[in-house]
Amino acid sequence: MSLFRAREWWSTTCGNNEEFDQACLAVGNVDDAEDGEAKIVVGGFSGVLRAYAPKKREFEADHLILEHDLRAPVLQISMSDFGVNDANGEARTALAVLHPRKLRVFVCEVVGEPGAAFHELRMEYEHALAAPACNMTVGPFKGSAYDGICVQTLDGVLEVFDRERMDFRARLPDFLVPGPLAYCPRMDAFVTVNSKFEMEKFSLNTLAGAKTLAGDETAEKTNTGPEPDWRLCLGEGATQITSASGFSDAQVVAANGRPSRVDLVALGERHLFVVSESGEFLLQKRLDYAPSVMHAFRVNPSLGERSPVHVFVADCTGAGMLYRGSQTLWAAKFDKEPVAMLAGARFGGVDGMLVTLTENGNLAVAYLGTAPPVDVVRGYQTNKEVGFAEMERERAKLTEIINSRPGAGSGGAATEREPAERIELSARVPTSLDPAPRDGGGAEVSEKTLTIEVLVTFTGSGSCEDVTLTVAAPAPATCGQETFVVPFVRGGKDTPSSVRVALRVARGAGVPASNVVRLVAGYRVKGTGEPRVATHEARVPLCLFAERIAPVKHAAHKVTLDTNRAPPLLASLFDAETESRDGGDELRTVTSATAGAANVVSFAYGDGSDVTVIVSKNAGRYRLQSSSFGALWLVLDELCHRLRRYYRETDDADVEEPFSVSFGEALPLQDFFAAVDAHHALRLARNGSLATLSDRARQFRAAQKRLLVRFKDKNPQTLTHLDAVLTGAYDAVVAEAAEAEHREEALRAAHGELAAATRVVVLLMKLKFQLSDSEVATLEAYLSADEAGGENDVPEQGWEEWTEAATTSLLKTKLAKGGERDAIHAMGGGMGTGQPLPPTQDTSKLKKHIAVVCERLARGARLAG
């Protein structure tokens, strides 16, 4: 928890499932109340305009004083004096609302008798726009007594309005995309940032002189316009611009010989820029975060220009920084990430309040404060060296204390009981694929789709908000949207929130690395704000990765499983795969081919590898054969899972011997080792290609440096074929990069084959040695298929190094012999040294360790404990 936080004074939620942006917030005395209290006006993309009048800390229904549907998305709102007068001829506050195709100006009036009064919105005038609008800025143009409005359209035209009439229209030069727009009253000029990352200043007189009359098609089609008074390259895009005199302490003399009185503050992608009125940098501050919104305000508005100006910047993580020039005055953390922010407002008799609005409509009034930590963790200090024996005695003492704690599990670790109010996840996974969509020509799309329904349940009595659901699909399956936000989950198990997740697999995809989709839900406990996580795993049906085909006779790899039950019909076990296929001649061909062979079923993956299951007519034996060793694992796992489910449903209650599956043959380690050697050889080739690429890049840089020295020489000499050397080095870099990319793709394919082969061996070891579920989990931790992945496999350390270290530790700990195990426990449990693993140049030692693990399990060693 951060010590410096923005302490929330008042908050509410605007609407339901509405979206808001940076310019959808305004603060001021919109109804010209006599007490002068500020109101908050919010407008969103849904078109609903709301006004709030916070009076005390907790939100109450009467704080919402106005809610009006404008029936058009609100892009920006601004509150000022736009030349609107009341019945007495006195100026009053008006509200300018920018829509995509129109600009409207409203006044907020109080209607009714005291005690029963209400607020209503009345439109004063509106302007139709010639093109879709982007943003607007307001100000006293040409020294006017009231504010005018300037709208920037998406085609680069500035439309300036004075009350009910349009003053002029001018096109920006060399326009590509619209940028932020601001008006500086001191300079009587507009400031913007173009697509070339250049800040430009256009005086109002320059724009008025180059104005484009309405209906002038020739001027509309050209991309020429008035030249700016000055340009300054920022080097990056800007999201906001504002004028803040007195923000920077730098003294700059303008072109007229007078000191610069204007500081133009621009918020870039990674920098905060401060520019003088003459177009010179006053300050360029690098930000170590990605900023999202900025607001400049005077510390004491009653002092006018004598008051210093501060700038508050918030980022996309909810952190806020307060600046005065290059100095950081304060840092705070918001509870939610704001997209719009206004500082310096007065609420509840307190000045300087912060008004923030999030993308989802969470409106809050906060102030800068601190949150003292509840628990202070003090550092451990000692003046003497602690020996290993003393550390071991302390560890044993702490272990005894942990084991004596109520609720400690059988493994020695204390298990915390889950709270009664929590999020629970479940999934409804269909057994068949979604109907195959077709393109415009009637042909099927080149991917298979399976839509699962995720149910998010809150077991408490209230509700849980902003639950983030993350979906991890097993490769090669992909999920078009991996993260979902459930804004509201009602309490009670009977009212879950449903999220539909579509898994897609290309029809040419190979053997998957897993058949489990992992679901993770992150949320915060209401009241305490404690972050918690709920997880769930769901099996993906076989039909998503493999299709039923006609029986295949020939195979290179075979395994045989034994059971203690009479075999069922394979067609009844894999009926879902037959139903999941689309109708037509292909389905009739497969059905007719398997009609006479009810004890044979074959599957094919998208890459062409096939798996065939043959069941014995008399004994409960099943043979699985395939053209690829790794392709066996998915059908093997699915067969065991479906057999257990089948006999669990059909066995009578008086059956004494439970159903079991065993593997009695020798483990096919040679096939597994062939996949290990192939993966290791491709890793060495990839690493060699990367080293060669590094050498070629070094040669290219050396040639570049020598050429630069020649170009900077005051007495230039001949190049002596350095240009040819540079060209040759560049061609070598491009060729080696293409080769490295090719080898990286081959290694990625070997990753999948090795992961599948590892799962086959682990499944067969489970069946051969009759390992329990906990022992299988331990074995998978040491002999992991997940580690054979792209982001875990780096040139310095990969699956071979990790598995060799893991199996070495396994042989020295859980599978160590009696005397060795006692000696290792006395030495501290065989912990690692913490040093980087040495690269594996030869897999012989790794293969020997895996063979020894299998041998000790065959002799009766167990992985439990």
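Residues numbered from 1 in each chain as written. Predicted model: local features only at pLDDT ≥ 70, side-chain atom pairs only at ≥ 80, totals over all residues. Heavy atoms only, no water.

A. Quick peek at the overall build of the protein. Counting its regular elements, the protein contains 13 helices and 42 strands. A total of 865 residues make up the protein; the buried ones form 43% of that total. The contacts of the protein with a sequence gap of at least 6 include a subset with a gap of at least 24, amounting to 62%. Accessible surface for the protein amounts to roughly 44600 Å². Of this, 50% is attributable to carbon and sulfur atoms. (Helix = DSSP H or I, 4+ residues; strand = E, 2+ residues; numbered from the N terminus. Buried < 20%, exposed > 50% of the residue type's maximum accessible area, 1.4 Å probe, protein only. Contact = heavy atoms within 4.5 Å. Areas by Shrake-Rupley, 256 points an atom, 1.4 Å probe, with all protein chains shown as cover.)

B. Region of interest: the pattern of salt bridges. Under the defined criterion, the tally for this structure stands at 38 salt bridges. Note that Glu109 and Arg122 form a salt bridge whose closest N and O atoms lie 2.4 Å from each other. Here Glu109, found in strand β8 (residues 102-111), pairs with Arg122, found in strand β9 (residues 118-128); they are 13 residues apart in sequence, far enough to count as distant. The exposure class of Arg122 is partly exposed, given its relative accessible area of 34%. (Salt bridge = Lys/Arg side-chain N within 4 Å of Asp/Glu carboxyl O.)

C. Fine view of the environment of Pro487. Structurally, Pro487 is set in strand β33 (residues 483-490). Using a relative accessible area of 40% as the deciding quantity, one classes Pro487 as partly exposed. Considering only alpha carbons, one finds Pro487 and Asn17, 470 residues apart in sequence, at a separation of 8.0 Å. In this structure, Pro487 is in contact with Asn17, Cys464, Glu465 and Asp466, ignoring residues within four places of it in sequence.

D. Structural detail: the environment of Ala732. Within the secondary structure, Ala732 is located in helix α9 (residues 722-769). Under the relative-accessibility criterion, Ala732 is labelled partly exposed at 23%. Considering only alpha carbons, one finds Ala732 and Ala697, 35 residues apart in sequence, at a separation of 8.6 Å.

E. Up close: the nonpolar core. Core analysis: the biggest nonpolar cluster contains 96 residues, and Ile423, Leu561 and Phe672 have the highest contact counts within it. Looking at this core element by element, the count peaks at 11 residues for α9. Apart from residues no more than four positions distant in its own chain, Phe672 is found in contact with Phe629, Leu754, Ala757, Thr758, Val761, Trp799 and Ile850. Formed by 19 residues, the second largest nonpolar core is a distinct cluster that contains Cys14, Cys24, Val42 and Phe347. (Core = buried A, V, L, I, M, F, W, Y, C linked by side-chain atoms within 4.5 Å.)

F. Spatial organisation of the sheet that holds strand β6 (residues 76-80). Spatial strand order, β6-β7-β8-β9: four strands in an open sheet with antiparallel pairing. Edge positions in the open sheet fall to β6 and β9, since each of these has one partner strand only. Averaged over all neighbouring strand pairs, the angle between strand axes comes to 25 degrees, with direction disregarded. One ladder, built from five bridges, connects β6 with strand β7 (residues 94-98); its direction is antiparallel. (Pairing = 2+ DSSP bridges. Axes fitted to C-alpha atoms, helices over the stretch in contact; angles between N-to-C directions.)

G. A look at the side chain of Thr612. With respect to the secondary-structure elements, Thr612 resides in strand β40 (residues 610-615). Side-chain polar atoms of Thr612 contact the backbone oxygen of Val552, separated by 3.4 Å. (Polar contact = N/O pair within 3.5 Å; in protein donor to acceptor, adjacent residues only side chain to side chain.)

H. Focus on the sheet that holds strand β10 (residues 133-139). Strand order in the open sheet formed by four strands is β10-β11-β12-β13, and the pairing between neighbours is antiparallel. A single partner strand is all that each edge strand has here, and the edge strands are β10 and β13 (165-171). Ignoring strand direction, the axes of neighbouring strands in this sheet form an average angle of 20 degrees. By the bridge criterion, six bridges tie strand β12 (residues 157-162) to β13 in an arrangement that is antiparallel. Across the sheet, the residue bridging to Asp162 is Arg165, located in β13.

I. How the structure looks around the side chain of Ser514. Assignment of secondary structure puts Ser514 in the loop between β34 (497-506) and β35 (516-524). A distance of 3.2 Å separates a polar atom in the side chain of Ser514 from the backbone nitrogen of Val516. Non-local contacts of Ser514, meaning those with residues more than four positions away in its chain, are made with Pro474, Ala475, Phe545, Trp633 and Arg759.

J. Quick peek at unusual backbone geometry. Residue Pro476 is reached from Ala475 by a cis peptide bond, and omega for that bond is 5 degrees. Relative to the helices and strands, Pro476 is located in the loop between β31 (463-472) and β32 (478-479). Phi at Asp32 takes a positive value of approximately 55 degrees, unusual for a residue other than glycine. When you line up the elements, Asp32 lands in the loop between β2 (25-28) and β3 (39-43). Even without glycine at this site, Lys142 takes up a positive phi of about 55 degrees. Within the element layout of this structure, Lys142 appears in the loop between β10 and β11 (148-153). Given the relative accessible area of 46%, Lys142 is considered partly exposed.

K. Inspection of a nonpolar patch on the surface at higher detail. A cluster of nonpolar side chains, namely Phe4, Leu329, Trp330 and Leu368, defines an oily patch on the protein surface of about 300 Å² accessible area. Mapped onto the elements of the fold, Trp330 is located in strand β25 (residues 327-333). (Patch = residues over 30% accessible without salt bridge, like charges linked within 9 Å, V, L, I, M, F, W, Y side chains within 5 Å.)

L. Region of interest: helix α11 (residues 799-812). Relative to the 20 Å expected for 14 residues at 1.5 Å per residue, α11 spans 20 Å between its end C-alpha atoms, a close match to the ideal helical length. Regarding α11, the residues found buried are Trp799, Glu800, Glu801, Thr803, Glu804, Ala806, Thr807, Leu810 and Leu811. Considering only its buried residues, α11 is in contact with α8 (669-712), α9, α10 (773-782) and α13 (844-858). (Expected span 1.5 Å × (residues − 1).)

M. Looking closely at the confidence of the model for the protein. Mean pLDDT for the protein: 83, with 85% of residues reaching 70 or above. Note that pLDDT drops below 50 for residues 410-414; the model gives that stretch 10 contacts with residues more than four away or on any other chain. Low pLDDT, under 50, characterises residues 579-596; the stretch is placed with 21 contacts to residues that sit more than four places away or in other chains. (pLDDT = per-residue confidence, 0-100.)

N. Structural context of the environment of Asn135. Secondary-structure assignment places Asn135 in strand β10. Measuring from C-alpha to C-alpha, the distance between Asn135 and Leu154 comes to 8.8 Å, with 19 residues separating the pair along the chain. Reaching out from Asn135, the side chain makes a polar contact with the backbone oxygen of Gly179 at a distance of 3.1 Å.

O. Main features of the packing of aromatic side chains. According to the stated counting rule, one finds 13 aromatic pairs in the structure shown. On the numbers, 4.8 Å between centres and 70 degrees between planes, the contact of Phe141 with Tyr183 is edge-to-face. On the criterion of sequence distance, the pair formed by Phe141 in the loop between β10 and β11 and Tyr183 in strand β14 (residues 181-184) is long-range, its members being 42 residues apart. Across the pair, Tyr183 and Phe141 agree in class, each one buried. Centroid distance Phe672 to Phe673: 6.0 Å. Interplanar angle 40 degrees. Geometry classified as tilted. In this pair, the class of Phe672 matches that of Phe673, namely buried. One aromatic cluster is present, built from ring pairs that chain together Trp10, Tyr52 and Phe59. Lying across the ring of Trp633, Arg759 places its NZ or CZ 5.3 Å from the centre. (Phe/Tyr/Trp six-rings, centres within 6.5 Å; stacked < 30°, edge-to-face > 60°. Lys NZ or Arg CZ within 6 Å of the ring centre and 35° of its normal.)

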